[in-house]
Structure formats: C-alpha cells, structure tokens
Amino acid sequence: MKHLPVETFIKRRQQLMDSLPDKALLLVPSATLVTRSRDTEHPFRQDSDFWYLTGFNEPDALLVLMKGSTLGEQLLFNQPKDKIMETWTGVRLGQEAAVIQLGFDKAFTLAEIDAQLPKLLVEASEVWMPIEDEALYSRYLAWRQQARARFRKQASLPNRITDLSQQLGEMRLIKTPEEIELMKEAARISAEAHNRAMQVCRPGMYEYQLQAELEHEFKMQGASGPAYGSIVGSGENACVLHYVENKDVIQKGDLVLIDAGAEYQGYAGDITRTFPVSGVFSLQQKQLYNLVLKANQLAISLTKPGVTLEELHQASVHCLVTGLVELGLLKGEVPHLIEAEAYKTFYMHGTSHWLGLDVHDVGLYRQEGQARLLEPGMVFTIEPGLYIAPDQQGIDPLWCGIGIRIEDDVLVTETGCEVLTSAVPKTIEGIEGLMKGEVYAATRI
Ligand SMILES: [Mn+2]
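## Concerning the coordination of the manganese ion
Each angle at a metal carrying four tetrahedral donors should ideally be 109.5 degrees, and each at a metal carrying six octahedral donors should ideally be 90 or 180 degrees.
Alright, step 1. Bound to the manganese ion on the protein side are Asp270 (OD), His353 (NE2), Glu383 (OE) and Glu407 (OE), at distances that span 2.1 to 2.6 Å.
Alright, step 2. For the manganese ion, the donor residues sit on a single chain with the sequence spacing D-x82-H-x29-E-x23-E. With Asp270 in the loop between strand 13 (267–268) and strand 14 (271–276) and His353 in the loop between helix 12 (334–339) and strand 15 (366–367), this pair connects stretches of sequence that are 83 residues apart.
Alright, step 3. By relative accessible area, which is 3% here, Asp270 ends up buried.

As structure tokens, then:
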C-alpha cells in the first residue's frame, strides 16, 4: 500500500499559509459520521480538503492554521483518547500522537475548541474557511461573540471572511508527482476491474452481479471501494445517465455500459466502457460505438498544455454530429445542427470534468470569464457518449435503446497527455478479443 509521507501534508499546510497574509486564520473541518439507520452509520469518508491537508482519517476534528500565531501555526483539534469508546468504535489517535505522527505544532481535544478559538480570533487579521459550511459558520459566530465578551477592551476582531474552498481548489487542481502515482494506482485498479467485468459477463446475469465483480476487484486490490455509485446499465438502461439501481437481467444481444472507478488513498478512478453482452457487436452497435470512440480518441489527441476543456468538448461535439449526419440520425448541415444544439437529444452531457480526491474534482473551469488553459499536472476525464432513447421518434427503431459512453482519465504532461486508463481495451477488436479470452496489451491512446 502506498502512503504519502507526513512531510507532504506539513508542506501543503505551509504552502497554503504562505499563499495568504500573516495572521490569517484558516479553519478546515473534518467530515462527521452520518446516521444510516437508528444507531448504525454510513461508512466514514473523510472530507477531501481536510484529508489533503492532514492525511488524518478520523471524524469530528478541526484543522486550524495561522501563520505567526503565538499558540502555534499548525494546530489540530481532535477526539480524545477514551478507552471505553475505543473498545466500541476503534482506536483514536489522540493528541500526543497527532503531534508526532501528523506533524502538528500542537493538538487539543475537542472540548478545548471553545476556549482556544476566541483567543486565536483576537489575534487574527482575517479568516479563511469553507463559507458554505453552515455548521462551522454558526460555531464561528459563537467564538466571535465569546471573544468580544472575554476580551472586551483589546478585541479588534477580523472583519473579513474569505472562501477557503476556492484557494484549496486551485492547489488541489495541479497534481504533484506523488499524487499522480496514487492516481495511476486508482486508474490501474479501476481498469483491471473493468477487464474482469468484460471477461465474466454472460447473458442472464444480473447487473448487480457485474457490479459485485467490479467492487470485489476494487477491494481485493487495496482500494477502499468505489469512488462513486457504480453504474451498470444493460440495454436501454444505458440511456439513463446516472442509473445506479443495477437491478435488471443482462440480455443477449444488448450492450452493457459500466461507469465505475476505485478510490485509492482518497483518489478517484473514473472509467466508462461499453461492451456487447454476447462478446460481439452488432452492426448498429458497431457503427455508433466507433463514432463515440473516434470522438474519445480525437479529444485525447488534442490534449496538451494551452488548450481548454471547452475546445475538447467542441471537437467531440463536431465529430459526433458529423458522424450522426452520416448515419442518418441527424439531418441538416453540421454547423447549423451544432448551433441549434440539435445533438443534445443524443449527447446531453459535458465531455470532461476534473478528477482527483473528488470524482468531480475541485478547481475553477473558467477564470475571468474565459475557459482556463490546461497545464501540466491537471487530471481530467474524456467521456463522449451517445444515447438513443428507446422511444426516440423519427429514426429507424434499430438504433433505439442503445447507449454508449467511453471514458478515460488523462494527465496533462509538458508535451501532451498521458492516458491513465489504457489498461482496459476500448477498440472493438480489443474488447471482442478480451471477451474471447485473449490477453490484452495496453496501447498509448
Ligand atoms: Mn466521469
């Protein structure tokens, strides 16, 4: 299992403080447990920002950073050691070990928050925190009121709060070499799970059984589980973009669309593949599939520093519309069909999203009204698709109920890009070969 060293997290905290004015007070809360039913909880998943800055996987903690603070610059408030509670819910790190293992200047118990925060506020020049976090904001107001009451004379409280999420989003958008290693592992495990699903798929299986095959592979390979709800849609279920019920029997002659990715050390893989249940594509399936594949490969070939995700989307749309006209599914002039957004009947989603600790990762898509330019270290998906509704009017019914998406994860490099998910086939020959039992050798694009 690969782990990031504690120095990485210390450095990130330092870097974040260095990007802000002296005495700026930063607050980053951890996630909390969410009730599933009565006294059971959903599996805990740490808040991505908190994880990015601490590598600490317990609930109910608060990270506090303040450059030049008299109390210490890197502070953690976390659950106390508690022998009885630990017997029930697992070992807690506690304060002493938090300083040693996580590299904090000081760690306090949760009970000390209300005593320490008002003191820090009096010292602070301004405040940075996730401003959409209502629970944190109301606690912040209480600390302010306490500060005013306790330090009536000296109190000159900060009068500006800025959204920390955006600042962190920009940091998280550019992946460091050690993050890229983890993302490659998430992509590799995800790819192997897709290969497994293609190899075991048979008519008569349930969609949830294919889901179980994928998620078994994730866990067996050391991923914490799926990075998002796995989508296994056979036949016309593939036309439902976020189909997660996965409840139907997989029928001979249909395609199966699987959109699933593993989460490894907090980082998401995100792959979609579409393949024939019986191992061989029909003529219509092949024609539509090759069109989506062409758009996928075109967008990948255009990816390099300086281009924008909007340009990649426009290129994909142009490619798909041209092909749809050739197949007779759209009628008219390509530029006009694009302008009128006629293609949205068949292609209604975007081509890309950032990928990282969140599957739809943070980072601005536009800056000052302009689509931002790609830079080395950015990771995102390329996922064109075509979905012909089962009841689509005005076209040959042979096309109806076919849904296809082909999604890869790409890393922008100095000269172009690297496809992180090439270990799972996507050409017709590659997929049919793997399903026949041939060994698949990954290709570059
Ligand atoms: Mn995606």
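This is not the end of the story, as more comes after the structure.
## Brief notes about the packing of helix 8 (residues 177–200) against helix 13 (residues 428–436)
Each packed pair of helices is defined by two parameters, the angle between the axes and the distance between the axes.
Alright, step 1. One can describe the packing of helix 8 onto helix 13 by two numbers: an axis separation of 8 Å at closest approach and a directional angle of 65 degrees. You can see that helix 8 and helix 13 cross each other, and the crossing is right-handed. Counted together, Asn195, Met198 and Gln199 of helix 8 and Ile431, Leu434 and Met435 of helix 13 form the full contact between these two elements.
Alright, step 2. For the contact of helix 8 with helix 13, the class distribution of residues is four nonpolar, two polar and no charged.

## Comments concerning the pattern of salt bridges
Alright, step 1. For the coordinates displayed, the defined rule picks out 25 salt bridges.
Alright, step 2. Between Asp18 and Lys67 there is a salt bridge, and its shortest N-O distance comes to 3.2 Å. Of the two residues, Asp18 is situated in helix 1 (residues 6–18) and Lys67 in the loop between strand 4 (62–66) and strand 5 (74–78); the sequence distance between them amounts to 49 residues.
Alright, step 3. Among the ionic contacts, a cluster of salt bridges with common partners joins Asp49, Arg172, Lys175, Asp358 and Asp361.

## Thoughts on the sheet that holds strand 11 (residues 255–260)
Alright, step 1. As summarised here, the arrangement of the three strands in space is 10-11-14, forming an open sheet in which the pairing is antiparallel. Bordering the open sheet on either side are strand 10 (231–234) and strand 14, each of which pairs with just one other strand. Going from strand to strand, the sheet's axes swing by 10 degrees on average, the running direction of each strand aside.
Alright, step 2. Looking at chain direction, strand 11 and strand 14 are connected through six bridges and run antiparallel. Opposite Leu255, over in strand 14, you have Pro276 as the bridge partner.

## A short note on the domain arrangement of the chain
Put simply, an interface is often sized by how much accessible area is lost when its parts join up.
Alright, step 1. What the domain assignment lists for the chain is domain 1 (6–171) and domain 2 (174–435).
Alright, step 2. Here the C-alpha centroids of domain 1 and domain 2 sit 38 Å apart.
Alright, step 3. Opposite the ten residues of domain 1 that make contact, domain 2 presents 14 residues.
Alright, step 4. Around 990 Å² of area is buried between domain 1 and domain 2 when both sides are counted, 40% of it from carbon and sulfur atoms.
Alright, step 5. When the area that domain 1 buries against domain 2 is broken down by residue, the three leading residues are Arg45, Trp51 and Glu170, summing to 43%.
Alright, step 6. At the surface where domain 1 touches domain 2, the tally comes to three salt bridges.
Alright, step 7. The closest approach of N and O atoms between Glu170 and Arg372, which form a salt bridge, is 2.8 Å.

## As for the layout of surface pockets
Alright, step 1. Approximately 740 Å³ is the volume found for the largest pocket.
Alright, step 2. If you go around the largest pocket, you meet 30 residues; those closest to its centre are Phe44, Asn57, Ser224, Glu263 and Gly266.
Alright, step 3. Of all elements in the fold, only helix 1, helix 2 (48–54), helix 4 (94–102), strand 9 (225–226) and strand 12 (262–264) reach the threshold of two or more residues within the lining of the largest pocket.
Alright, step 4. Examining the composition of the lining of the largest pocket, we find that three residues originate from one element, helix 2, more than from any other.
Alright, step 5. For the lining of the largest pocket, a count of residues per class yields 15 nonpolar, twelve polar and three charged.
Alright, step 6. In terms of domain composition, the lining of the largest pocket takes at least three residues from each of domain 1 (6–171) and domain 2 (174–435).
Alright, step 7. By volume, the second largest pocket is sized at about 330 Å³.
Alright, step 8. Lining the second largest pocket are 17 residues; nearest its centre among them are His242, Asp259, His353, His360 and Glu383.
Alright, step 9. Across the lining of the second largest pocket, the residue classes tally to four nonpolar, eight polar and five charged.

## Considering the environment of Leu320
Alright, step 1. Structurally, Leu320 is set in helix 11 (residues 309–326).
Alright, step 2. For the pair Leu320 and Leu173, spaced 147 residues apart in the sequence, the C-alpha separation amounts to 29 Å.
Alright, step 3. Leu320 has contacts with Leu291, Val292, Ala295, Tyr347, Pro384, Gly385 and Leu386, leaving out every residue within four places of it along the chain.

Calculation rules
Residues numbered from 1 in each chain as written. Predicted model: local features only at pLDDT ≥ 70, side-chain atom pairs only at ≥ 80, totals over all residues. Heavy atoms only, no water. Donors = N, O, S within 2.8 Å, 3.2 Å for Na, K, Ca; no water. Helix = DSSP H or I, 4+ residues; strand = E, 2+ residues; numbered from the N terminus. Buried < 20%, exposed > 50% of the residue type's maximum accessible area, 1.4 Å probe, protein only. Axes fitted to C-alpha atoms, helices over the stretch in contact; angles between N-to-C directions. Left-handed = near helix turned anticlockwise from the far one by under 90°. Contact = heavy atoms within 4.5 Å. Nonpolar A, V, L, I, M, F, W, Y, C, P; charged D, E, K, R; others polar. Salt bridge = Lys/Arg side-chain N within 4 Å of Asp/Glu carboxyl O. Pairing = 2+ DSSP bridges. Domains from an automatic or database assignment. Buried area = accessible area lost by both parts, 1.4 Å probe. 1 Å grid on protein atoms, 1.4 Å probe; cavity = no way out; pocket = protein on both sides within 12 Å on 5 of 7 lines; lining within 4 Å. Points joined across faces, edges and corners; volume = space filled by probe spheres on them.

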